[in-house]
2 protein chains.
Amino acid sequence: MAEPLRIALAGLGTVGAGVIRLVEANAALIARRAGRPIEIVAISARDRSKRRSVDITPYTWEDDMVILGERADVDVVVELVGGSDGSAPACARTTIEAGKALVTANKAMIAHHGLELASKAEAAKVPLKFEAAVAGGIPVIKGLREGAAANEFERVYGILNGTCNYILSTMEDTGRDFADVLSEAQAKGYAEADPAFDIEGTDAAHKLSILAAIAFGTAVDFRSVETTGITRILAADIAQARTLGYVIRLIGMAETDTNGDGVERLFQRVQPHLVPFDHPLAHVDGATNAVVAEGNFSGRLLFQWRGRR
Amino acid sequence: MAEPLRIALAGLGTVGAGVIRLVEANAALIARRAGRPIEIVAISARDRSKRRSVDITPYTWEDDMVILGERADVDVVVELVGGSDGSAPACARTTIEAGKALVTANKAMIAHHGLELASKAEAAKVPLKFEAAVAGGIPVIKGLREGAAANEFERVYGILNGTCNYILSTMEDTGRDFADVLSEAQAKGYAEADPAFDIEGTDAAHKLSILAAIAFGTAVDFRSVETTGITRILAADIAQARTLGYVIRLIGMAETDTNGDGVERLFQRVQPHLVPFDHPLAHVDGATNAVVAEGNFSGRLLFQWRGRR
């Protein structure tokens, strides 16, 4: 068996702890599929003493996550801290500058600094992997980019925020109001205490900008996403849509259009949409994410997975 | 730009003609994504003079498809002839023995001879690619194998035959009988003149055996698939299922189970199933294919695409 690939983990929240459990539970499988074992050699997070669902004592602790990539015994840094600014991008930059590969699940960071990080990674000739930033552990991005690589995609759209979808589909099933369902979602852990990031559509816009960049081969352009959230949707809107044969879903959509003048532009929008009953997205309920890609040869592809939000 | 990858096409039916159109229409995109152009240098099919939807005059014709792989100007043979025996496996063997890569969309051949061909390809150190055998052009297999490579899959199941799904969902929507809907499907081109291969479940069983091998890392074992088709489903069965909250779908399912004795075995079945309304597969209508994979960390992933059948 080849030498192990040595990874450092920055961030030990739900996802970081999940990575530790996954690497421990599926070690043999991963080694077989990857051709070499994967070993966690160092970890870092904001608070060392916090109670966690996994035992972190087997791993070397670093107080400063920014320097994980500079450790001689680290091949890859996995950044799971989150946040568009602060220690996450600092850690990403140091890692790339140290000539190490970076794996990140940080959609806010990629939406805001993806272009800069991609340029740095290209210059340093190191891999920058952000599959997990759109769909944790899910092969959507890889599928789009490689499995359907011979296709020209014309439109990519989907349900990109599980919190919003949980709220809308619960309003639909129960006839209850937005505020009422939001409180319940917060109590159940499907929505954050401060829900603005989700319900205003920002999280969906981050993911859309990353998906669009991959589908169309363009640079990540989060700032041009026109975003409307779901806070003004009334129970009455949903009831009325239903009588007309529609459900309401928060849809992120990216498409290229010439608008009649021959110049191709990328349009990116996140907004509540009327989705007809016979469209597959009308049946995506609860805290689920789904992406539809329409290619010029593949037709309509749909990927669906259980989202954390 | 690097040297072109030179391919030979064996078989010029719907899929083969589609490959020619795709390579012509998306040439620039493919070259950019693959890092080198793809060029069709030679073609072969049973009947040279048959009327086709694409112009084949720009390509060198070979009467004998079996020797395509022996041409010095060919790097890869794409086998789209179909059939578990005859010229397809002969062409596959010659190609591999000539040290050339083989790409195939032939699910019957992979179901019956996949193990033998995989051993030959491994010995000859040449790639054998059969993504297209389960879901033409669709990233299901790639997604399973690479995008979710760290997952242990416990169960893989889905709607693997578009003809059967078209018939069942049309019976459901219209209340009409099996024989009646089958005739219509044949008239519309959704079912073959000899429909047995589809409606008896054989085609779904071929695909299931390939999916299972990839999901579980086992050898293709088509012979052990227990198969029941849809020919005995009555309109009354469908109506009764609906009153109980179910639809009927032909489901191919593969799972590993110890059956209580600690020895893990692979179980593969194709049979009509009751699918509850709230399961995503209950909303897969028409000539559509869908696969659900349940992993120990990813949860339930669903891929859905428009099938030719």
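This text goes with the structure placed above it.
Just so you know, these numbers come straight off a predicted model, no measurement behind them.

Reading the values: the criteria
- Residues numbered from 1 in each chain as written.
- Chains lettered and ligands numbered in written order.
- Predicted model: local features only at pLDDT ≥ 70, side-chain atom pairs only at ≥ 80, totals over all residues.
- Helix = DSSP H or I, 4+ residues; strand = E, 2+ residues; numbered from the N terminus.
- Rg over C-alpha atoms; globule rule 2.2 N^0.38 Å.
- Contact = placed C-beta atoms within 7 Å.
- Pairing = 2+ DSSP bridges.
- Axes fitted to C-alpha atoms, helices over the stretch in contact; angles between N-to-C directions.
- Parallel < 35°, antiparallel > 145°, perpendicular 65-115°, else oblique.
- Left-handed = near helix turned anticlockwise from the far one by under 90°.
- Nonpolar A, V, L, I, M, F, W, Y, C, P; charged D, E, K, R; others polar.
- Least-squares fit on C-alpha atoms with pLDDT ≥ 70 in both.
- Expected span 1.5 Å × (residues − 1).

Trainee: Describe in detail the overall build of chain A, supporting the description with residues and values.
Mentor: Along chain A, the regular secondary structure elements total 11 helices and 12 strands. For 309 residues, the compact-globule estimate of 2.2 N^0.38 gives 19 Å, and the C-alpha radius of gyration of chain A, at 20 Å, lies within 12% of that figure. Taking the intrachain contacts of chain A between residues at least 6 apart in sequence as the baseline, contacts between residues at least 24 apart amount to 70%.

Trainee: Got a sec to walk through the sheet that holds strand 1 (residues 5–10) of chain A? Specific residues and values, please.
Mentor: Residue and element names in this part refer to chain A. With parallel pairing, the 6 strands of this open sheet are ordered in space as 3-2-1-4-5-6. Of all strands in the sheet, those with a lone pairing partner are strand 3 (60–61) and strand 6 (128–129), marking the two edges. In this sheet, strand 3 lies alongside strand 2 (residues 38–44) in parallel orientation, the contact comprising 2 bridges. Note on strand 3: the bridge partner recorded for Ala42 is Thr60.

Trainee: Any details on the packing of helix 7 (residues 162–174) of chain B against helix 8 (residues 178–188) of chain B? Residues and values, ideally.
Mentor: Residues and elements named next belong to chain B. Close contact between helix 7 and helix 8 brings their axes to 9 Å; oriented N to C, the two are set at 125°. Accordingly, the angle class assigned to the pair helix 7 and helix 8 is oblique. Once helix 7 is placed against helix 8, the crossing between them reads as right-handed. Touching Thr163, Tyr166, Ile167, Thr170 and Met171 of helix 7 are Phe178, Val181, Leu182 and Ala185, all from helix 8. Along the lines of polarity and charge, the residues of the contact of helix 7 with helix 8 split into 7 nonpolar, 2 polar and no charged.

Trainee: For the relation of the copies chain B and chain A, give the residues involved together with the corresponding values.
Mentor: Related by rotation about an axis and a shift along that axis, the two copies of the chain form a pair. In screw terms, the move from chain B to chain A is a rotation of 180° and a rise of 0.0 Å along the axis, fitting with an RMSD of 0.0 Å. As the rotation angle and translation indicate, the two copies are arranged about a two-fold axis. Relative to the rotation axis, the C-alpha of Phe303 of chain B is the closest in chain B, positioned 2.3 Å from it. The residues that chain B uses at the interface reappear at the interface of chain A in 100% of cases, marking a shared surface.

Trainee: Mind laying out helix 10 (residues 202–216) of chain A, listing which residues take part and the relevant values?
Mentor: Compared with the 21 Å implied by 1.5 Å per residue over 15 residues, the 21 Å span of helix 10 of chain A between its first and last C-alpha is a close match. Backbone geometry just after helix 10 of chain A places Gly217 of chain A at a positive phi near 70°.

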